[in-house]
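A closer look at the structure
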Amino acid sequence: KAENKMNINNFVQASDPFAIESGKDNSKIHVRVQQRNGRKCITTIQGLATDLDIQRITRALKKTFKCNGSVTIDEELGEVVQLSGDQRTNVREFFVDQEVCHEDQIVIHGG
C-alpha cells in the first residue's frame, strides 16, 4: 500500500519550465525609431547590459554608420544610446557581428 502513495520528494527535482536559466542572460535590447520633424528620425537603443562600455560601443556605431549619436542617462531606463537616422537594421547586424548579444535578444520596434 505504501508504494501507491504519492511522494512529494519525486517532484522536488522537477525543473520549472518558467524559471530563468542561470547560465543565460535573457535581457532584451530594444531598438526603436522616433520621428522628429519632417523626414528626420532618431534611433534609440536601450537595455544594454551595465557591464558593457556603452560609450565605446556608441563611438563604434557612429564611426561605422557615419552618423551622429550620444548616450543619455534616463532615471528609469538607464543609459540610452541615440543615433541620428533610421539605423535599426544596421544596429542589429552590428551587435550580432561584434557579439555584443545574440540575435534573439534584440527587439526592433516600429516600422
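Preceding this section is the structure that the text describes.
Residues numbered from 1 in each chain as written. Predicted model: local features only at pLDDT ≥ 70, side-chain atom pairs only at ≥ 80, totals over all residues. Heavy atoms only, no water.

1. Topic: helix α2 (residues 88-97)
Put simply, the test is: Relative accessible area decides the class of each residue, using a 1.4 Å probe on protein chains only: under 20% of the type maximum gives buried, over 50% gives exposed, and in between gives partly exposed. Secondary structure elements follow DSSP: runs of H or I no shorter than four residues count as helices, runs of E no shorter than two count as strands, and numbering proceeds from the N terminus. What the arc describes is the spread of directions from the helix axis to the C-beta atoms. The contact definition used throughout considers only heavy atoms, calling two residues in contact when any of these lie within 4.5 Å.
Turning to α2, its buried residues number three or more, namely Arg88, Val91, Phe94 and Phe95. Down the axis of α2, the smallest arc covering the buried residues is 130°, so these residues share one side. Opposite the packed face of α2, turned more than 90 degrees from it, sit the exposed residues Thr89 and Asp97. Buried residues along α2 sit in contact with β1 (29-35), β2 (41-46), α1 (54-65), β4 (78-84) and β5 (106-108). At the C-terminal side of α2, Glu99 shows a positive phi close to 60°.

2. Some words on α1
Heads up, the condition is: Helix span, expected: 1.5 Å multiplied by one less than the number of residues in the helix.
With twelve residues, α1 extends 16 Å from end C-alpha to end C-alpha; this agrees with the ideal 16 Å at 1.5 Å per step. Three or more residues of α1 are buried, namely Ile54, Ile57, Thr58, Leu61 and Phe65. One side of α1 holds all its buried residues, which, seen down the axis, span an arc of 100°. Turned more than 90 degrees from where α1 packs its buried face, Arg56, Arg59 and Lys63 sit exposed. The secondary structure elements touched by the buried residues of α1 are β2, β3 (69-74), β4 and α2. After α1 finishes, the residue Lys66 shows a positive phi value of roughly 50°.

These values are about where atoms sit, not about what they do.
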